Each structure stands twice: as C-alpha cells, then as structure tokens.
Amino acid sequence: MKRLDQIKSHQAKLYAQYRSLVEQAYNFRQTDSALSDISEYKAIKLLNKLNRLKYLYRDQQEPVI
C-alpha cells in the first residue's frame, strides 16, 4: 500500500505543477507568445507523465468483487 501512496502523492505534486504551468501559459499568451509556448509545452509533458501515472495507479488498485 505504501507504493500506491507514493504514486498518489507524486501525482498530486505533478498535477499542481501542471495547473501552474497552464495558468502561466494563459497569462503570457497576450504579452509574450514564446514564454506561453514554452509553458504550454512543459504542461503537455507533465500531462503525459500524469497519464502514465494514472495508468500505473489503475493497474495497482485491487479489483472490487
């Protein structure tokens, strides 16, 4: 169960970073498009990691009978 807790906490940390990057990309959209694109790219990379963790977490859950 400890491993599942580690995955969940890492997932929460990455999600907070993802939200921050998406907000930053939105804020830079009108003033600096290059910074907006960089933030959006980093957010997409984090979203990919989140999706992989979500898949890993799904495989580790116990089946409900």
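Residues numbered from 1 in each chain as written. Predicted model: local features only at pLDDT ≥ 70, side-chain atom pairs only at ≥ 80, totals over all residues. Heavy atoms only, no water.

Draft legend 1. Local environment of the side chain of Ser39. Relative to the helices and strands, Ser39 resides in helix H2 (residues 33–60). Note on Ser39: relative accessible area 5%, which makes it buried. Look past the residues within four positions of Ser39 in its chain and what remains in contact with it is Leu21, Gln24 and Ala25. (Helix = DSSP H or I, 4+ residues; strand = E, 2+ residues; numbered from the N terminus. Buried < 20%, exposed > 50% of the residue type's maximum accessible area, 1.4 Å probe, protein only. Contact = heavy atoms within 4.5 Å.)

Draft legend 2. Geometry of the environment of Leu50. Structurally, Leu50 can be placed in helix H2. On a C-alpha basis, the gap between Leu50 and Lys13 in space is 9.9 Å, while along the polypeptide they are 37 residues apart. In this structure, Leu50 is in contact with Gln11, Leu14, Tyr15 and Tyr18, ignoring residues within four places of it in sequence.

Draft legend 3. Representation of the nonpolar core within the structure. Within the largest apolar cluster, seven residues are counted, these being Ile7, Leu14, Leu21, Ala43, Leu46, Leu50 and Leu53. Elements with a contribution of two residues or more to this core: helix H1 (2–28) and H2. Ranked by residue count, the leading element in this core is H2, at four residues. Setting aside anything within four residues of it in sequence, one finds Leu46 in contact with Leu14, Gln17, Tyr18 and Leu21. (Core = buried A, V, L, I, M, F, W, Y, C linked by side-chain atoms within 4.5 Å.)

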